[in-house]
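# Structure assessment
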Amino acid sequence: EDGGLVYTTGAETGGEQRALVWVDRQGREEYVPAEPRAYLYPRISPDGARVALDIRDEDNDIWVFDVLREALTRLTFDPAGDTYPVWAPDGGRVLFSSAREETIQVFSKASDGTGSVERLTDHPGGATPFAVSPDGQQLVMGVPSEPAVSDLVRVPLGTSGDVESLLE
């Protein structure tokens, strides 16, 4: 809400050490006190107090950086790659894609690390989360349509329903 942005520079190669930096609207940079790691796809929580991170190092898991406590906490522990974090609107859960089952699907876990991982999608070609609607009822995700191309679709969360194509 105050215009803050967290981002990483460079190509999406994974494994490359990066620092996290806050940049204001005037371009001033302030380093985040977290050690350099292979950060990708940082996502700021709805309250601005945490950042969900896809860390592509030896574990390939989702982590949450608490801005106020300056603490990095691992959220997922599965040996399969967990990637592309997205916050639920209330900040209580982090959604992410994972290859922990036959195809890459969307899962979620409580953002405080408690509880178990819950599978949210069952798309035959796999799925990658991009956004959750402000009311928490809809998920926008990418699904493969042909090599190196994805379609954008919207699906209801928590109930069965039709997949609505947004962009083919």
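The structure displayed is predicted, hence computed values, not measured ones.

## With respect to the packing of aromatic side chains
The final tally for this structure, using the stated rule, is two aromatic pairs. A ring pair is formed by Y41 and Y84, whose centres lie 4.6 Å apart and whose planes are at 45 degrees; its orientation type is tilted. Highlighted residues: Y41 in strand β4 (residues 39-44) and Y84 in strand β8 (residues 82-87), separated in sequence by 43 residues. Between F96 and F107, the ring centres sit 6.2 Å apart and the planes meet at 20 degrees, which makes this aromatic pair stacked. With a gap of 11 residues between them, F96 in strand β9 (residues 93-98) and F107 in strand β10 (residues 105-110) connect regions that are remote in the sequence. One exposure class covers both F96 and F107, and it is buried. The cationic tip of R37 hangs over the ring face of W63; the distance from NZ or CZ to the ring centre is 4.5 Å. In this arrangement the basic side chain of R100 is found over the ring face of F107, its NZ or CZ atom lying 5.4 Å from the centre.

## With respect to the environment of E102
Relative to the elements of secondary structure, E102 occurs in the loop between β9 and β10. Sequence-wise, E102 and P124 are 22 residues apart; in three dimensions their C-alpha atoms are separated by 9.5 Å.

Conventions and cut-offs
- Residues numbered from 1 in each chain as written.
- Predicted model: local features only at pLDDT ≥ 70, side-chain atom pairs only at ≥ 80, totals over all residues.
- Heavy atoms only, no water.
- Phe/Tyr/Trp six-rings, centres within 6.5 Å; stacked < 30°, edge-to-face > 60°.
- Helix = DSSP H or I, 4+ residues; strand = E, 2+ residues; numbered from the N terminus.
- Buried < 20%, exposed > 50% of the residue type's maximum accessible area, 1.4 Å probe, protein only.
- Lys NZ or Arg CZ within 6 Å of the ring centre and 35° of its normal.

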